[in-house]
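# Structure assessment
Residues per chain, in single letters:
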Amino acid sequence: MAKSRADYAQFSQDDVKVVKKETPFKGYFQIDVYTIQHRIHEGGWTKPITREVFERGHASAMLPYDPVKDVVILIEQFRPGAYAAGNNPWLLEVPAGIIEDGQTPKDVAIRETTEETGCEAKRVEFIADYIVTPGGSSETIHLYCVEVDSDEALDHAGLEEEGEHIRVLKMSSAEAFELLNNGHMHNSTGIIALQWLKLHHNNIREKWCENK
């Protein structure tokens, strides 16, 4: 029987003491400052340590995929973090959206597929959930592959009131895998999504095309 993460975990949330928590900044995003102690593997506890945590919410991301035409849909948009890092700030990505109160990750995946590509989400396949930058942020991503009809894709999408100006790109899976292999995907979510599709390409096509 395959082992789970719990089979290897020595500690949990119960092995952390929060000495103090402050919120010195709250704007579009939020910064919390924690003073904490945690257990150590050798036994005992750390001395109090202070760390800033960037709070930006939790998100769903999705790879729109047309299994009939074997077409992947990616988007391109401006990212200030990439600009600040000295990279090209227009990144190739998969669509994504923040999970608001009362919404499920799957609900957001379905909504954002339409908002950011123009395509209706037909079926949704779970890929993974993960912590994006655990050393300094609480953000998690719930990642999906979403079945679409690529003929529905717009050239440009996004919500003006949210400052979204999105270019929509359609390409064969082979072209998308070439971008991946050549190092032209510069964000972790897009890389993980395409790696998953590359690994499961034949299986997901067969699964989604069997009743067509």
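Within each chain, residues carry numbers counting from 1 in the order of the written sequence. Totals for whole chains, interfaces and linings use all residues, but because this is a predicted model, local features are given only for residues with pLDDT of at least 70 and pairs of side-chain atoms are given and counted only at 80 or more. Derived side-chain values reflect all non-hydrogen atoms in the structure, with water molecules and hydrogen atoms excluded from consideration.

### Remarks on the overall build of the protein
Here is the rule: Only runs of H or I of at least four residues qualify as helices and only runs of E of at least two qualify as strands under DSSP, and these elements are numbered from the N terminus. Think of it in three bands: with a 1.4 Å probe and only protein chains considered, a residue is buried below 20% of the maximum accessible area for its type, exposed above 50%, and partly exposed in between. The contact rule is simple, with two residues in contact once any of their heavy atoms fall within 4.5 Å. By the counting rule applied here, Lys and Arg register as positive and Asp and Glu as negative, while His and the ends of each chain are not counted. A charged residue contributes its charge at one atom only: NZ of Lys, CZ of Arg, CG of Asp or CD of Glu.
Of regular secondary structure, the protein possesses 5 helices and 11 strands. Along the three orthogonal principal directions, the C-alpha set of the protein runs to about 60 × 50 × 35 Å. Evaluated residue by residue, the protein yields a buried proportion of 38% over its 212 residues. Taking contacts inside the protein between residues at least 6 apart in sequence as the whole, the part at least 24 apart equals 55%. For the protein, the distance from the average site of its 22 positive side-chain charges to the average site of its 35 negative ones is 7 Å.

### Regarding the environment of Thr189
Mapped onto the elements of the fold, Thr189 is located in helix α5 (residues 188-209). Between the alpha carbons of Thr189 and His200 there is a distance of 16 Å; along the sequence they are 11 residues apart. Beyond its immediate chain neighbours, meaning those up to four positions away, Thr189 contacts Ala61, Val94, Tyr130, Ile141 and Leu143.

### Topic: the state of the cysteines
Quick note on the threshold: Here, two cysteine sulfur atoms that lie within 2.5 Å of each other are counted as a disulfide.
With the rule as written, the count across this model stands at 0 disulfides. Here Cys209 stays free of any disulfide, with the sulfur of Cys145 as its closest cysteine sulfur at 12 Å.

### A short note on the sheet that holds strand β1 (residues 16-26)
Selection criterion: Strand pairing follows a simple DSSP-based rule, namely that at least 2 bridges must link the two strands. Whenever a helix is involved, its axis is fitted only over the stretch in contact; in every case the axis is a line through C-alpha atoms, and angles between N-to-C directions fall within 0 to 180 degrees.
What the 3 strands build is an open sheet, ordered β1-β2-β3; its pairing is antiparallel. With one partner strand each, in any of the chains shown, β1 and β3 (49-55) form the two edges of the open sheet. The mean inter-strand angle of the sheet, taken between neighbouring strand axes irrespective of direction, is 25°. As paired elements, β1 and strand β2 (residues 30-38) share 8 bridges and run antiparallel to each other. Residue pairing for β2: Glu22 is matched across the bridge by Val33.

### Concerning α5
Stated precisely, the cut-off is as follows: Each residue is assigned a bend, namely the angle between axes fitted to the seven residues that terminate at it and the seven residues that start at it.
Along α5, the sharpest change in direction is near 75° and occurs at His200. Among all positions of α5, only Thr189, Gly190, Ala193, Leu194, Trp196, Leu197, His201, Ile204 and Trp208 are buried. Turning to α5, the residues buried within the fold contact β4 (59-66), β5 (71-78), β8 (124-131), β9 (140-147) and α4 (173-181).

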